[in-house]
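Residues per chain, in single letters:
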Amino acid sequence: IKNILLQSTGDKENDWDRDLLLDPAWEKQQRKTFTAWCNSHLRKAGTQIENIEEDFRDGLKLMLLLEVISGERLPKPERGKMRVHKINNVNKALDFIASKGVKLVSIGAEEIVDGNAKMTLGMIWTIILRFAIQDISVEETSAKEGLLLWCQRKTAPYKNVNVQNFHISWKDGLAFNALIHRHRPDLIDYDSLRKDDPVTNLNNAFEVAEKHLDIPKMLDAEDIVNTARPDEKAIMTYVSSFYHAFSGAQKAETAANRICKVLAVNQENEQMMEDYEKLASELLEWIRRTIPWLENRTQEKTVQDMQAKQEDFRDYRCVHKPPKVQEKCQLEISFNTLQTKLRLSNRPAFMPSEGRMVSDINGAWHTLEGAEKGYEEWILSEIRRLERLEHLAEKFHQKAAIHESWTDGKEAMLTQKDYETSTLSEVKALLRKHEAFESDLAAHQDRVEQIAAIAQELNELDYYDSASVNARCQKICDQWDVLGALTQSRKESLERTEKQLESIDELYLEYAKRAAPFNNWMEGAMEDLQDMFIVHNIEEIQGLITAHEQFKSTLAEANKEREAIQAIQAEVQKIAQSNGIKLSGANPYTTITPESIDNKWEKAMDMVPLRDNALQDELNKQNSNDTLRAKFATQANTVGAYIQAKMEEIGRISIEMNGTLEDQLTNLREYQKTIMSYMPEINTLEGYHQLIQEALIFDNQYTSYTMEHLRVGWEQLLTTIARTINEVENQILTRDAKGISQEQLQEYRASFNHFDKDHSGALMAEEFKACLISLGYDVENDKQKRSGQMVSDDFRALLISTGNSLGDSEFSRIMGIVDPNGSGAVTFQAFIDFMSRETTDTDTADQVIASFKILAADKNFITADELRRELPPDQAEYCIARMAPYTGPDAIPGALDYMSFSTALYGESDL
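Worth saying up front: this structure is predicted, and the values here are computed from it rather than measured. (Residues numbered from 1 in each chain as written. Predicted model: local features only at pLDDT ≥ 70, side-chain atom pairs only at ≥ 80, totals over all residues. Heavy atoms only, no water.)

## Re the overall build of the protein
1) Next: Counting its secondary structure elements, the protein contains 32 helices and six strands.
2) Next: Residues counted as buried form 41% of the 911 residues belonging to the protein.
3) Next: A total of about 50,400 Å² of accessible surface is found on the protein, and carbon and sulfur atoms cover 51% of it. (Helix = DSSP H or I, 4+ residues; strand = E, 2+ residues; numbered from the N terminus. Buried < 20%, exposed > 50% of the residue type's maximum accessible area, 1.4 Å probe, protein only. Areas by Shrake-Rupley, 256 points an atom, 1.4 Å probe, with all protein chains shown as cover.)

## Notes on helix α22 (residues 679-694)
1) Next: Over its 16 residues, α22 extends 23 Å from the first C-alpha to the last, a length consistent with the 22 Å expected when each residue adds 1.5 Å.
2) Next: Those residues of α22 lying buried are I682, L685, H689 and I692. Viewed along the axis of α22, the buried residues span an arc of 75°, placing them on a single side of the element. (Expected span 1.5 Å × (residues − 1). Arc of directions from axis to C-beta.)

## Some words on the nonpolar core
1) Next: I127, W170, F176 and I180 are the most contacted members of the largest nonpolar core, which has 76 residues in total.
2) Next: Ranked by the residues each element gives to this core, the list is headed by helix α7 (residues 117-133), at 11 residues.
3) Next: What I180 contacts, discounting residues up to four positions off in sequence, is P185, L187, I188, A205, V208, A209, L213, F242 and F246.
4) Next: Listed in part, the 49 residues of the second largest apolar core include L710, L745, F755 and M835. (Core = buried A, V, L, I, M, F, W, Y, C linked by side-chain atoms within 4.5 Å. Contact = heavy atoms within 4.5 Å.)

## Looking at the packing of helix α8 (residues 143-155) against helix α9 (residues 174-183)
1) Next: Here α8 crosses α9 at 70°, and the two axes come no closer than 9 Å. The orientation of α8 with respect to α9, classified from their angle, is roughly perpendicular. In the crossing of α8 with α9, the sense of the turn from one axis to the other is left-handed. Counted together, W150, C151, R153, K154 and T155 of α8 and A175, A178, L179, R182 and H183 of α9 form the full contact between these two elements.
2) Next: Classifying every residue of the contact of α8 with α9 gives five nonpolar, two polar and three charged. (Axes fitted to C-alpha atoms, helices over the stretch in contact; angles between N-to-C directions. Parallel < 35°, antiparallel > 145°, perpendicular 65-115°, else oblique. Left-handed = near helix turned anticlockwise from the far one by under 90°. Nonpolar A, V, L, I, M, F, W, Y, C, P; charged D, E, K, R; others polar.)

## Re unusual backbone geometry
1) Next: With phi around 65°, N160 is a residue other than glycine that occupies positive phi space.
2) Next: Here N160 lies in the loop between α8 and α9.

## Remarks on the packing of aromatic side chains
For any pair of aromatic rings, the description consists of the separation of the ring centres together with the inter-plane angle of the planes.
1) Next: The final tally for this structure, using the stated rule, is 33 aromatic pairs.
2) Next: Judged by centre distance (6.3 Å) and plane angle (45°), the ring pair of F242 and F246 falls under tilted. One end of the pair, F242, and the other, F246, are both in helix α12 (residues 232-295), four residues apart, so they sit about a helical turn from each other. In terms of burial, F242 and F246 fall into one category: buried.
3) Next: On the basis of an interplanar angle of 85° and a centroid distance of 5.6 Å, the ring pair of Y276 and F350 is categorised as edge-to-face. (Phe/Tyr/Trp six-rings, centres within 6.5 Å; stacked < 30°, edge-to-face > 60°.)

## A few points about the confidence of the model for the protein
1) Next: Averaged over every residue, the pLDDT of the protein is 82; the share at 70 or more is 89%.
2) Next: Taken as a whole, residues 1-22 scores under 50 in pLDDT and shows 36 contacts with residues more than four places along the chain or in a different chain. (pLDDT = per-residue confidence, 0-100.)

## Some details on the pattern of salt bridges
1) Next: Under the counting rule described, the total for this entry stands at 46 salt bridges.
2) Next: For K673, the salt bridge is made with E670, and the minimal N-O distance between the two is 4.0 Å. Placement of the pair is K673 and E670 together in helix α21 (residues 661-676), with a separation of three residues, close to one helical turn.
3) Next: Residue E670 is classed as partly exposed on the basis of its relative accessible area, which comes to 44%.
4) Next: In this structure, K853 and D858 form a salt bridge, with 3.9 Å as the shortest nitrogen-oxygen distance.
5) Next: By sharing partners, the salt bridges in this structure join E27, R31, E53 and K118 into a single network. (Salt bridge = Lys/Arg side-chain N within 4 Å of Asp/Glu carboxyl O.)

## A word on helix α5 (residues 83-99)
1) Next: Relative to the 24 Å expected for 17 residues at 1.5 Å per residue, α5 spans 24 Å between its end C-alpha atoms, a close match to the ideal helical length.
2) Next: Among the residues of α5, those classed as buried are I87, N89, V90, A93, L94, F96 and I97.
3) Next: The secondary structure elements touched by the buried residues of α5 are α4 (60-70), α6 (109-113) and α7.
4) Next: Positive phi appears at G101, one or two residues downstream of α5, with a value of about 90°.

## Quick notes on the packing of helix α13 (residues 303-344) against helix α14 (residues 358-407)
1) Next: Look at α13 against α14: their axes get within 11 Å of each other, and the N-to-C directions meet at 165°. It follows that α13 is roughly antiparallel to α14 by the angle criterion. For the pair α13 and α14, the sense of crossing is left-handed.
2) Next: Looking at side-chain class alone, the contact of α13 with α14 contains 17 nonpolar, four polar and 12 charged residues.

## Focus on the side chain of T33
1) Next: Along the chain, T33 falls in helix α2 (residues 24-42).
2) Next: Residue class for T33 comes out buried when judged on its relative accessible area of 0%.
3) Next: One polar contact links the side chain of T33 to the main-chain carbonyl oxygen of M218, over a distance of 3.1 Å.
4) Next: Among residues more than four places away in sequence, those in contact with T33 are M218, L219, A234, T237 and Y238. (Polar contact = N/O pair within 3.5 Å; in protein donor to acceptor, adjacent residues only side chain to side chain.)

## Observations regarding the environment of V265
1) Next: Mapped onto the elements of the fold, V265 is located in helix α12.
2) Next: Among the residues examined, V265 registers a relative accessible area of 27% and is labelled partly exposed.

## What about the environment of W378?
1) Next: Relative to the assigned elements, W378 resides in helix α14.
2) Next: In this structure W378 comes out as buried when scored by relative accessible area, which is 13%.
3) Next: When the C-alpha positions of W378 and R297 are compared, they lie 7.6 Å apart, and in sequence the two are 81 residues distant.

## Some thoughts on the environment of E411
1) Next: Take E411: it is sitting in helix α15 (residues 410-415).
2) Next: Owing to a relative accessible area of 35%, E411 belongs among the partly exposed residues under this scheme.
3) Next: Sequence separation of E411 and T487 is 76 residues, and the distance between their C-alpha atoms is 8.9 Å.
4) Next: Beyond its immediate chain neighbours, meaning those up to four positions away, E411 contacts Q479, V482, L483 and L486.

## A word on the state of the cysteines
1) Next: This structure, assessed with the given rule, holds zero disulfides.
2) Next: C477 provides the cysteine sulfur closest to C473, a residue in no disulfide bond, and the two sulfurs are 4.3 Å apart. (Disulfide = S-S within 2.5 Å.)

Written out as structure tokens, the structure is:
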């Protein structure tokens, strides 16, 4: 088998071919296929073979076959009939095959000449592989793999076709039909084929290929169908004929596509050339039409007209030009793109028609932009020029209007005779006003000159409305000359009148100078005489009376000044009458008339006695208030001293009380009655205080006591006495309830007073602890008395030295009992309660429960009848109302729970 295989095909394929030699069907299929394949090429040389192992024995047709399929000339064959001639011809053929890179293994000329069918078929398969299959290349695969991939690509869209090899995949014939339909759909009705009719499918494909594709029938349908595995070489040989047949058509299609592509590129380039020419022509035409418009320099008369041109130019720059800029840019881009395409497709460069080169367009565009710049500069220059003219014209009319407004009424003012009936001050005022007018007139001289200068400049600049400007300017100048003459005439008249009135004016001025201060003095005096006054003591009212007496002493001198002022006014009237001067009105320097001075003087004189009476009444009132202050102060000082003394006395009594508690209580109550007997003195003081408030007296220099201070002191005194009495009463209750002796109470009082250093009636925590220890209260050794909070280091040392030690937790417990509110202070009553509870035997909840159990005849509950029988009525009802029903297992109707009730009595549960 190795003698008929190519070494390069691989061991796997060789093993499979070796197995095929055991199957006689492969030789039949190969013989038929290879014979048809050889004849398909030999008929091009006008010959064919009938028997593949016999017709190649002399080597002549073998050499001819190689020349046809390779297109090359082989060495001249030997025409002899001897065996050696045949062997030489076959060797020439084998040498040619070897020269094509095919390494033949153990295939010798003798086997071919001897008609060895297997060797001959192996040789033909080698030729088919080299010249029909090896050159097939599809997507970087070649030979068998390339041919298989080509088949898979072409048949992929077809149903029931799945080409995976060159044997089983072709048995049903659909793959052959799919190859033909893919390239020539007009030859095959693929949809009419059925997978279960392989013979029909194969015959249809073979007949169509032979009739229309010039592919000879190389296999019989029955041989393929009746073979379990068709011969791979035969199928590959047959399929390679389809590949070569269709590859020629594909090359023609490729050539046509290439031509179409070239033509399309050429057409596109030509269209781009036409577009360029058209766009360039339109852009150049637009530039040609636009430049004359930009070079137009027709002047306008007004700024508005030039601004309209500027707006047109702005519209040109913002609306009309941008699309042209885009067209120019697009033109350059199209030109460059076209040149690039031409260069890449090996076409000659594009040469636009004359005048339409990119450089020509750029030149025209540069000219356009130059015209734009010049036009814009001209517009701005013209606008500035016209603005200058309009500004000058507006300035002329503005100044003219201001001047005309200023001169309006000036001629009438200068020609009036108002000074003839005026006073001297009015004449002087008119003269000063006239001087101010002259200054104003001189100042307006510059404006008149400016108006004339502006009119001259407008004439020089050829202002279109110069005629109206000149007429207005002339009118202003003529009027100015008239005003100058009238001004001088009025000045002379005013100066003459001024001298005539100066003598009268001096008298008026003297009157005004003296009348004004005198009038002010009278108004101040009247204001002082009517002024309300508020005083709080005798000294203040006496000061006011003294000041009033001093005022009355100045009235005579004031009356002399009044008479002198009235004499000046009489002199004025005398001068006017003697010289026939008509006085136009009142004194120009003052509004104070002689009549007003006399009226105010009379009023002031009437107010003096009224002021005398008011001051005397206030003096009497302050004397009365001072007497009331003295009465209140005397009583307040007495009451204050009494309260202070009694407060100190009750403090000593509470500390130094002796005798039995009943004696102390009796003494305290007698002392309380004594204190209360002082109440009338307090009421007297309250009466004085009410009178002071009604008199609106707010200060009292005779005492430091206030009613509020004394009320608080009196209330504290009564409260202290009541508290002391209550403490003694509580001590008696404690003594009787706890069985404490009088001696123990006195000991407790003495210890408490001893440690109450500040006599505040309460002990601080440290003082309370020291007091407990002083009474022998050992909180360390007693299981119910645990040590309390630590005191100072010195005090701790004292405790240790005396054999006593205190614990923090025990003292905290004690403080919680005596000071439940956490104030930090222990009162004497709390101290007594604690000591009595610690030193006497008291009833407990267990004792009360045991007592109830006796009354209940040893039952765990008690009935209402038993309570009413054994206890007083009020106490029995008290228990019945508060005892809860008994719920134990031995309960009967009406049973009451005396255990819970007893526990609640001592605070161990809620009652």
